[in-house]
Amino acid sequence: MKFGIVVFPGSNCDEDAFHAAKDVFGQEAEYLWHKDADLKGADVVILPGGFAHGDYLRTGAMARFSPIMAPVRAFAERGGPVLGICNGFQILLEAGLLPGAMLRNKGLKYRCEHVHLRVEQTDTPFTSAASVGQVLTIPIGHGEGNYFAPPDMVERLEANRQVILRYTDRQGRVDEASSPNGSVNAIAALCNEARNVVGMMPHPERACEALLGGVDGRVIFDSIVATFRGAERPALHAVGRSV
Amino acid sequence: MIDPQVLERHGLKPDEYERVVQFMGREPNLTELGIFSVMWSEHCSYKSSRVHLKTLPTEGPQVLQGPGENAGAVDIGGGLAAVFKIESHNHPSFIEPYQGAATGVGGIIRDIFTMGARPIALLNSLRFGDLDAPGTRRLLEGVVAGIAGYGNSIGIPTVGGEIVFEPEYAGNPLVNVFCLGIAKQSDIVKGVASGVGNAVYYVGAKTGRDGIHGATMASAEFDDRSAEKRPAVQVGDPFMEKLLLEACLEVMQTDALIGIQDMGAAGLTCSTTEMGSRGGAGVEIDVSLVPQRETGMTPYEIMLSESQERMLLVAKQGREAEVERIFEKWDLHASRIGHVTNDGMLRVKDRGVVVAEIPNRALTDEAPVYRRPMSEPEYLRQAQQLDLDTLGPAKDPNAALLSLLGSPTIASKKWIYRQYDHMVRTNTINLPGLGAGVVRIKGTDRALAMSVDGNGRYCYLDPYRGAMLAVAEAARNVACSGARPLAATNCLNFGNPERPGIMWQFARAVEGIGAACRALDVPITGGNVSLYNETDGKAIYPTPTIGVVGLLEHADRVVSRRFQESGDAILMLGEGRGELGASEYLKVVHHLVRGVPPALDLAAERALQTLLVTLAEDRLVRSAHDCSDGGLAVTIAECAFDTVGIGAEVSLEGVDVSRQSGVNVAAALFGESATRVIVSAVPEQVTAVLRHAAAAGVPARVIGQTGGSRLRIAVAGAIVIDQSVDEAERVWSTAIDKHFVQRVA
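This text gives an overview of the structure that appears in the document.

Conventions adopted
Residues numbered from 1 in each chain as written. Chains lettered and ligands numbered in written order. Predicted model: local features only at pLDDT ≥ 70, side-chain atom pairs only at ≥ 80, totals over all residues. Heavy atoms only, no water. Contact = heavy atoms within 4.5 Å. Buried area = accessible area lost by both parts, 1.4 Å probe. Salt bridge = Lys/Arg side-chain N within 4 Å of Asp/Glu carboxyl O. Polar contact = N/O pair within 3.5 Å; in protein donor to acceptor, adjacent residues only side chain to side chain. Axes fitted to C-alpha atoms, helices over the stretch in contact; angles between N-to-C directions. Helix = DSSP H or I, 4+ residues; strand = E, 2+ residues; numbered from the N terminus. Parallel < 35°, antiparallel > 145°, perpendicular 65-115°, else oblique. Left-handed = near helix turned anticlockwise from the far one by under 90°. Nonpolar A, V, L, I, M, F, W, Y, C, P; charged D, E, K, R; others polar. Pairing = 2+ DSSP bridges. Expected span 1.5 Å × (residues − 1). Buried < 20%, exposed > 50% of the residue type's maximum accessible area, 1.4 Å probe, protein only. Core = buried A, V, L, I, M, F, W, Y, C linked by side-chain atoms within 4.5 Å. Phe/Tyr/Trp six-rings, centres within 6.5 Å; stacked < 30°, edge-to-face > 60°. Lys NZ or Arg CZ within 6 Å of the ring centre and 35° of its normal.

### Structural notes on the interface of chain A and chain B
Many analyses report the size of an interface as the accessible area lost when the parts associate.
So, step 1. Listed by partner, the interface residues are 30 residues for chain A and 38 residues for chain B.
So, step 2. Summing both partners gives a buried area of about 2900 Å² for chain A against chain B, and 58% of it is carried by carbon and sulfur.
So, step 3. The interface formed by chain A and chain B holds seven salt bridges in total.
So, step 4. For the salt bridge of Asp421(B) with Arg206(A), the shortest nitrogen-to-oxygen distance reads 2.9 Å.
So, step 5. Here chain A and chain B share 15 residue pairs in polar contact (both at pLDDT 80 or more) between them.

In structure tokens form, the structure reads like this:
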């Protein structure tokens, strides 16, 4: 399968996502420049981490206007799998492909460290190889990962089972001390109603090789590779439409 | 008109002005005077330090590029080079901590990618006043946020560093930043201008009035009016630099470039002069073509501005369109501002009219060089005296250990490095806080280890030995990770060189660095000198910081400080000699800065470091940690931290405990004798470790084993330390955090 990795000016985890897809998982991978008008036949699109356009206005606020976002949106609407990691998640929020917004971390400081995450849902193309309740240890690196949505929207997200990962302690229990950023309901990852667009603050591409100190991020890539292998593209699109 | 006041404002001495007039054969105009003043400033000309720096070893088969270029480069095999350098941004960081530190990071990154290397790691070495002192927290928060703000955004991981808190830095903190990049050896680019008629391009941020006379500011002492100098501090834009970085690396792939240099200190002046000088050519530019952020800027202001994120480059004739196209792709506009000449002059025009014309040579090679008077400072003899019998009864070792672990200099720096993205680029295989920073090199089996170290208190009490110890410690940290030390870079932070005592400290420190670098075979490939680190006439501790880079042949054999499993043997490589002079223990427990720093036998140090590399390569050790600040007891505690509570049972023999005061016990536990490393090994491999050590001539013995949930250390058969790992780790890990009340948004 082919990964398309979008490069905005200011993206800085684009090479990391590329390396994971290509060198660690042995898949095809291609960079998609933000001024490009098509996805070059990508089967899955990753919006990588970084500081697109410097993030001087609001994280992701400029990137959503990049030309590449039109085909990304069309791809997502057709049911194509899209993963936004960190800044990519922030861009998906600004683009309206996922609901809600990001605030600054509760401690007002950037935080880079390993966190524990509990898998909440496995019926998305990016968590299908995980099991519900499984606790993953994956690094974060962000200053604005404090997910916010109004109470009624949060209620709807929970009712629709759109919360994919939550910050927890080592045992998988949600408590305030284990949240690195103060996200509402400890939300670390979300999907859209159609479940094909996923945004996550943690960086799975940083946890795919034992040499880097952990491999819990592999399950995210394993999921998408298995999803694709298990279903031909039309079927995948059908999954997108059926929900 | 050029009168004494004008000269003073430009930091030029009357005799220096005489020299200017001699070279010019006439009075310079104000623009020319400004150009001379920045190029002849201490910061750019190294006029006080040059004669000493010349004595440093800078060559070796591993060195591809020594001092004199934007950064040094060493061979790391496979046709690759590691390009690295350390630089200070002390003065700007004191005046405006966030921007000062941020632009320091930006500057050193530019030095690295200017060489054609992709920057892959950052380190920093910081010094502040006591954490309790007023102002320190504001400075620390600002500096850390500035480093984070720049490094995180541009996407280069900060993989390690060191921070020391001493009252001597309260009025003059130190911010030294190190960057390392990787290039193909064949792709290394130099900062030269050559080929008459070749186009000179300006690319990056527009020029504003910020930072005018930054280099001159960095060459003066502080006083209570320093805050007025804020306009001389520049403002950083990491996004612009990220674009520049990507665009420049792309342009370099085309082979359409002759040379490139960043506009750092002294901006356009320094880059045009140095590029012309290195290429044996001249550069002519027209300032009216320089992109400007403000209106009405004079040629003087344009030439002296230190606006950030700007590069100067020379393109090959006929390849200009190619270069311009790549910058356009990144939404950067490359402006052609001049061309290369063959007359060796820096010629500046404004709308075609010559406004400055100076021979490059006068600004570079012919800049003043001083052999400043030196004499041993008066405090030294007295301060070196230390009579252990006058210390009184030693403090309970358990309490002393906790005091040391809670001392901010020794305590966990997690509160700080957690604010730095240390994992971006997915290469970091030894995270901050675990020893040297180690990054694997993708596409190879290899990895690079790097460490910055320095001990100002040691250097205050003996600059020669202190500087040697800094080199030894940085190289030892690199060797502990399993990497063979290759080369070094230095950042020399001192007070006012016009004082003989300071100049003596400087000269002795440089001698010490030279001796250690020669003995350990880590040539100096570049660096930076920061003088006039004084506030109200009070100098900082003389503080050379040394960055050492080493190579691991097999990334997966990297070693960290952490114990791996219970039941492993704990060995000490090297020997304690009960030296307490200049130690953190004396400072923290007895509030004394006295004595002489530990002795250093360079041959023994070399043998130890070689041994460490062999042990890692042969997978014989599971952890390795250098004994330094706080001595053996602190080292063993640190080996137990971040392991989910693997304790240790250690017994030290051969200590003379006859002295009633217990001072010998304290010296055994907390003395900082150099050339010592604590390693752990599975029991079956102990014999092999000891055999290798014996063959290398390194003293080695088993001193205990890992396991349990306590740290227990016996000296001459009596248990003197018995502490729960959890409790000790709590003290160590919260010592810095607790100074910062977390604000909840």
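### What to know about the packing of helix α10 (residues 238-252) of chain B against helix α13 (residues 320-329) of chain B
Residue and element names in this part refer to chain B.
So, step 1. Two numbers describe how α10 lies on α13: the axes approach to 9 Å, and their chain directions differ by 150°. Judged by the inter-axis angle, α10 sits roughly antiparallel to α13. Handedness of the α10/α13 crossing: right-handed. For the pair formed by α10 and α13, the contact residues are Ala247, Cys248, Glu250 and Val251 on the first element and Val323, Ile326, Phe327 and Lys329 on the second.
So, step 2. Along the lines of polarity and charge, the residues of the contact of α10 with α13 split into six nonpolar, no polar and two charged.

### Structural notes on the sheet that holds strand β15 (residues 437-440) of chain B
Residue and element names in this part refer to chain B.
So, step 1. Spatially, six strands are ordered β14-β15-β16-β21-β17-β18 in an open sheet, and the strand pairing comes out mixed. Either end of the sheet is taken by a strand with one partner, and the two such strands are β14 (428-430) and β18 (524-530). Each adjacent strand pair in this sheet contributes to an overall mean axis angle of 25°, direction not counted.
So, step 2. As paired strands, β15 and strand β16 (residues 447-453) are joined by four bridges and run antiparallel to one another. Of the residues in β16, the one forming a bridge with Gly437 is Met450.

### Remarks on the sheet that holds strand β11 (residues 335-341) of chain B
Residue and element names in this part refer to chain B.
So, step 1. Strands sit in the order β8-β10-β7-β11-β9-β12-β13 across an open sheet of seven strands; the sheet is mixed. The open sheet terminates on both sides in strands that have one partner only, identified here as β8 (257-262) and β13 (353-359). Each adjacent strand pair in this sheet contributes to an overall mean axis angle of 20°, direction not counted.
So, step 2. Together, β7 (199-204), β10 (310-315) and β11 form the strand contacts of α13, whose direction differs from that of β7 by roughly 0°.

### Observations regarding helix α19 (residues 463-480) of chain B
All names here are of chain B.
So, step 1. Here α19 spans 25 Å end to end across 18 residues, near enough to the 26 Å set by a 1.5 Å rise per residue.
So, step 2. Most of α19 is tucked away, with 16 of its 18 residues classed as buried.
So, step 3. Once α19 finishes, Gly482 follows within two positions and takes phi at roughly 105°, a positive value.

### Brief notes about the nonpolar core
So, step 1. Counting 70 residues, the largest nonpolar core has Phe3(A), Phe8(A), Val45(A), Met69(A), Val72(A), Tyr147(A) and Leu165(A) as the members making the most contacts within it.
So, step 2. If sequence neighbours within four positions are ignored, Phe8(A) has contacts with His34(A), Leu47(A), Ala52(A), Ala63(A), Ser66(A), Ile68(A), Met69(A) and Ile91(A).
So, step 3. The next biggest cluster of nonpolar side chains, apart from the first, holds 66 residues, and it includes Leu126(B), Ile326(B), Phe327(B) and Ala334(B).

### Digging into the side chain of Glu309(B)
So, step 1. With respect to the helices, strands and loops of the structure, Glu309(B) is situated in the loop between α12 (299-304) and β10.
So, step 2. Leave out the neighbours within four places in its chain, and Glu309(B) touches Arg110(B), Tyr150(B), Val203(B), Gly204(B), Ala205(B), Val235(B), Gly236(B), Asp237(B), Pro238(B), Met240(B), Glu241(B) and Leu244(B).

### A word on the pattern of salt bridges
So, step 1. A full pass over the atoms with the stated rule returns 61 salt bridges over all chains.
So, step 2. The residue Glu322(B) makes a salt bridge to Arg319(B) at a minimum N-O spacing of 2.8 Å.
So, step 3. The exposure class assigned to Glu322(B) is partly exposed, which follows from its relative accessible area of 26%.
So, step 4. A salt bridge links Asp556(B) to Arg619(B), with the nearest nitrogen and oxygen atoms 3.9 Å apart. One end of the pair, Asp556(B), is in the loop between β21 (543-552) and β22 (569-573); the other, Arg619(B), is in the loop between α22 (602-617) and β23 (623-626), and 63 residues separate them in sequence.
So, step 5. Salt bridges sharing common partners tie together Glu15(A), Arg118(B), Lys242(B), Glu246(B) and Arg425(B).

### Some points on helix α24 (residues 663-670) of chain B
Note that an α-helix has 3.6 residues per turn; residues three or four places apart therefore point the same way.
Residue and element names in this part refer to chain B.
So, step 1. Most of α24 is tucked away: eight of the eight residues are buried.
So, step 2. Looking only at α24, the buried set comprises Val663, Asn664, Val665, Ala666, Ala667, Ala668, Leu669 and Phe670.
So, step 3. Residues of α24 that are buried sit in contact with α16 (397-405), α21 (584-590), α23 (631-640), β24 (648-652), β27 (710-715) and β28 (718-724).

### Describing the packing of aromatic side chains
Residues and elements named next belong to chain B.
So, step 1. Counting across every chain of the model gives 15 aromatic pairs over all chains.
So, step 2. Between Phe36 and Trp40, the ring centres sit 5.1 Å apart and the planes meet at 80°, which makes this aromatic pair edge-to-face.
So, step 3. The class for Phe36 is buried, based on a relative accessible area of 0%.
So, step 4. Here the aromatic rings of Tyr169 and Tyr541 are separated by 6.1 Å at their centres, their planes lie at 85°, and the arrangement is edge-to-face. Of this pair, Tyr169 sits in the loop between β5 (158-165) and β6 (174-184) while Tyr541 sits in the loop between β20 (538-539) and β21, and the two are 372 residues apart along the sequence. Of the two residues examined, Tyr169 and Tyr541, each falls in the buried class.
So, step 5. An aromatic cluster is present here, built from Tyr169, Tyr379, Tyr460 and Tyr541 joined pairwise through their rings.
So, step 6. One Lys or Arg, Arg19, reaches over the ring of Trp40 and ends 5.9 Å from the middle of that ring.

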